[in-house]
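Residue-level listing of the chains:
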Amino acid sequence: MMAALRSPDIKIFTIFLLPSLAFVGVIFIYPVLRVLLISVTDPQPGFANYALLVDNPALRRVFITTIRIAALTTLVSVLLGYLLAWRMHVARAAELRIIVFCLMFPLWTSVLVRAFAWVALLQNNGIVNSALLALGVVDRPLPMSRNELGVLIGMVHVMVPYATLPIYAAMKGIDPRLMQAARSLGATSWPAFWRVFLPLTLPGVGAGMILVFITSIGFYVTPIILGGGKVVMIAEYISVQITETLRWGLGSMLATVLLAIVLLFVFAFRRLTVLRQGAA
């Protein structure tokens, strides 16, 4: 009888699901397949475009730069995000509202505006260097723009909210009685945090890491402005190949490899999460 009741529901669900699947197929899956096809057919059939990853030093350098900056951005953003999430976790309601507003405000500002704001702050005659010179901390301007440091600062500024919110959500889901139980059993604050609280927040940390890393490897505007042409990441390189040199095959290959890196990272994180849950 239960099967008879469920059968119409399944049919109705399928009817409503098919248009969504068709929409996703047309809007997302078909373009991705086209990119994959172009990467092995332009300028001629074969895997010559993929061989450039091994044969072309400039291309390897772009990939290494992209992965390095994305990894550093992820590390710094997660560390800052964890500290900020902890402060949000222990804050009172009024203080929490202020922190959330300050955290979300960068997300309401244009990426272009944020990047140019950092240029004004970090350039040789910018606010930061002018202040350091006036205070006598340095005797000449520090190189904080038109290099990887400037790009890293700008990207971390954008990514900290994305790292903070998953970690804060994980912290809010922890029963406070667990920490009280740890202290009642003789654990001081640091061992209680290290052995009880931190492991319970790792799913949020992992979610923040994957969100930040996936977004960071595709950054376009911030590296162009803060890098000043000296720091080239993969998104800018793809844009040049598609719009200027018209090497569609090479650009499609780079986009395909970028997608593969993202999928591999997601799969590895998912696999690690499943193994941890199985061990628990």
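How each quantity is defined
Think of each chain on its own: its residues are numbered from 1, step by step along the sequence as written. The model is predicted, so local features are restricted to residues of pLDDT at least 70 and side-chain atom pairs to those at 80 or more, both for listing and for counting; the totals for chains, interfaces and linings are taken over all residues. To get the side-chain values, all heavy atoms of the structure are used, and hydrogens and water are removed first. For the purposes of this entry, the term helix denotes a DSSP run of H or I that reaches at least four residues, the term strand denotes a run of E that reaches at least two, and both are numbered from the N terminus. Atoms counted for the radius of gyration: C-alpha only. Globule rule: 2.2 Å times the number of residues to the power 0.38. Burial classification: accessible surface area is computed with a 1.4 Å probe over protein chains only, and a residue below 20% of its type maximum counts as buried, one above 50% as exposed, and the rest as partly exposed. The protein chains shown are the only cover counted for residues, whose accessible areas, like all others here, come from Shrake-Rupley with a 1.4 Å probe. The charge count treats Lys and Arg as positive and Asp and Glu as negative. His and the chain ends do not count. We put the charge of a Lys on NZ, of an Arg on CZ, of an Asp on CG and of a Glu on CD. Interaxial angles span 0 to 180 degrees and are taken between N-to-C directions of axes, which are lines fitted to C-alpha atoms, for helices over the stretch in contact. Should an angle lie under 35 degrees it is considered roughly parallel, over 145 roughly antiparallel, and from 65 to 115 roughly perpendicular; all remaining angles are considered oblique. Put simply, a crossing is left-handed when the front helix is turned counterclockwise from the back one by less than a right angle, and right-handed when it is turned clockwise. Throughout, a residue-residue contact means that at least one pair of heavy atoms, one from each residue, lies within 4.5 Å. The residue classification treats Ala, Val, Leu, Ile, Met, Phe, Trp, Tyr, Cys and Pro as nonpolar and Asp, Glu, Lys and Arg as charged. All others, Gly included, are polar. By definition, a salt bridge exists where a carboxyl oxygen of Asp or Glu is found within 4 Å of a side-chain nitrogen of Lys or Arg. Two rings belonging to Phe, Tyr or Trp (six-membered ring only in the last case) form a pair when the distance between their centres is within 6.5 Å. Interplanar angles under 30 degrees mark stacking, angles over 60 mark edge-to-face geometry, and anything in between is tilted. Residues belong to a common nonpolar core when they are buried Ala, Val, Leu, Ile, Met, Phe, Trp, Tyr or Cys residues joined through side-chain atoms within 4.5 Å.

Trainee: Hey, could you run me through the overall build of the chain in this one?
Mentor: Scanning the chain from N- to C-terminus turns up 12 helices and zero strands. Beginning at the N terminus, the succession of helices and strands in the chain can be written as α-α-α-α-α-α-α-α-α-α-α-α. Computed over C-alpha atoms, the radius of gyration of the chain comes to 24 Å, more than 25% over the 19 Å expected from 2.2 N^0.38 for 280 residues, which places it beyond the range of a compact globule. Summarising its shape, the C-alpha atoms of the chain cover approximately 80 × 70 × 35 Å along the three principal directions. A total of 280 residues make up the chain; the buried ones form 33% of that total. Element-wise, carbon and sulfur atoms account for 72% of the exposed surface of the chain, whose accessible area totals about 17100 Å². The positive charge centre, built from 21 side chains, and the negative charge centre, built from 9, are 10 Å apart in the chain.

Trainee: What should I look at first to understand the packing of helix α5 (residues 111–122) against helix α7 (residues 148–172) in this one?
Mentor: When two helices pack together, their arrangement is given by the angle between their axes and by how far apart the axes lie. Between α5 and α7, the least distance of the axes is 10 Å, while the angle of their chain directions is 135°. With respect to α7, the element α5 is oriented oblique. For α5 against α7, the interelement crossing comes out right-handed. Note on element contacts: α7 touches α5 through Gly150, Ile153, Gly154, His157 and Val158, opposite Arg114, Trp118 and Leu122. Of the residues assigned to the contact of α5 with α7, the class counts are four nonpolar, three polar and one charged.

Trainee: Quick question: what am I supposed to make of the environment of Ile167 here?
Mentor: Position of Ile167 relative to the elements: it lies in helix α7. Remark: the alpha-carbon pair of Ile167 and Met209, spanning 42 residues in sequence, is separated by 9.7 Å.

Trainee: Please clarify how the pattern of salt bridges should be interpreted in this entry.
Mentor: It is possible for side chains of opposite charge to pair when their charged atoms get near one another. With the rule as written, the count across this model stands at three salt bridges. The residue Glu148 makes a salt bridge to Arg68 at a minimum N-O spacing of 2.5 Å. Pair noted here: Glu148 is in helix α7 and Arg68 is in helix α3 (residues 57–90), with a separation of 80 residues, a long-range link. Judged by its relative accessible area of 30%, Glu148 is partly exposed.

Trainee: Is there a simple way to explain unusual backbone geometry in this structure?
Mentor: A cis geometry characterises the amide bond from Asp42 onward to Pro43, with omega recorded as 5°. As for its position among the elements, Pro43 is in the loop between α1 (2–39) and α2 (48–55). Of note in the backbone geometry, Arg146 takes a positive phi value of approximately 60° without being a glycine. Structurally, Arg146 is set in the loop between α6 (127–135) and α7. At Leu246, a position not held by glycine, the phi torsion is positive, near 60°.

Trainee: Would you explain the packing of aromatic side chains in this entry?
Mentor: To describe a pair of aromatic rings, one takes the distance between the centres and the angle between the planes. Using the criterion set out here, one finds 11 aromatic pairs in the structure. Look at Phe105 and Trp108: their rings are 6.4 Å apart centre to centre, the planes differ by 80°, and that puts the pair in the edge-to-face class. Geometrically, the ring pair formed by Phe193 and Phe197 is stacked, given 5.8 Å between the ring centres and 25° between the ring planes. Separated by four residues within a single helix, Phe193 and Phe197 lie in helix α9 (residues 189–216), roughly one turn from each other. The exposure class of Phe193 is buried, given its relative accessible area of 17%. Overall, Phe197 belongs to the buried group, its relative accessible area being 2%. In this structure an aromatic cluster arises from ring pairing among Tyr82, Trp86, Trp190, Phe193, Trp194 and Phe197.

Trainee: Explain the nonpolar core to me, please; I cannot follow it from the model alone.
Mentor: A general feature of soluble globular proteins is that nonpolar side chains tend to end up buried together. One finds Tyr82, Val151, Ile167 and Phe197 to be the most contacted residues of the largest nonpolar core, which totals 36 residues. Counting residues per element, the ones that place at least two in this core are α3, α4 (93–104), α5, α7, α8 (176–184) and α9. No other element matches the 11 residues that α7 contributes to this core. Those residues within four positions of Ile167 in sequence are excluded, and the remaining contacts are Val78, Gly81, Tyr82, Ala85, Gly204 and Val205. Among the nonpolar cores identified, the runner-up in size contains 15 residues, and Leu59, Phe63, Ala70 and Val257 belong to it.

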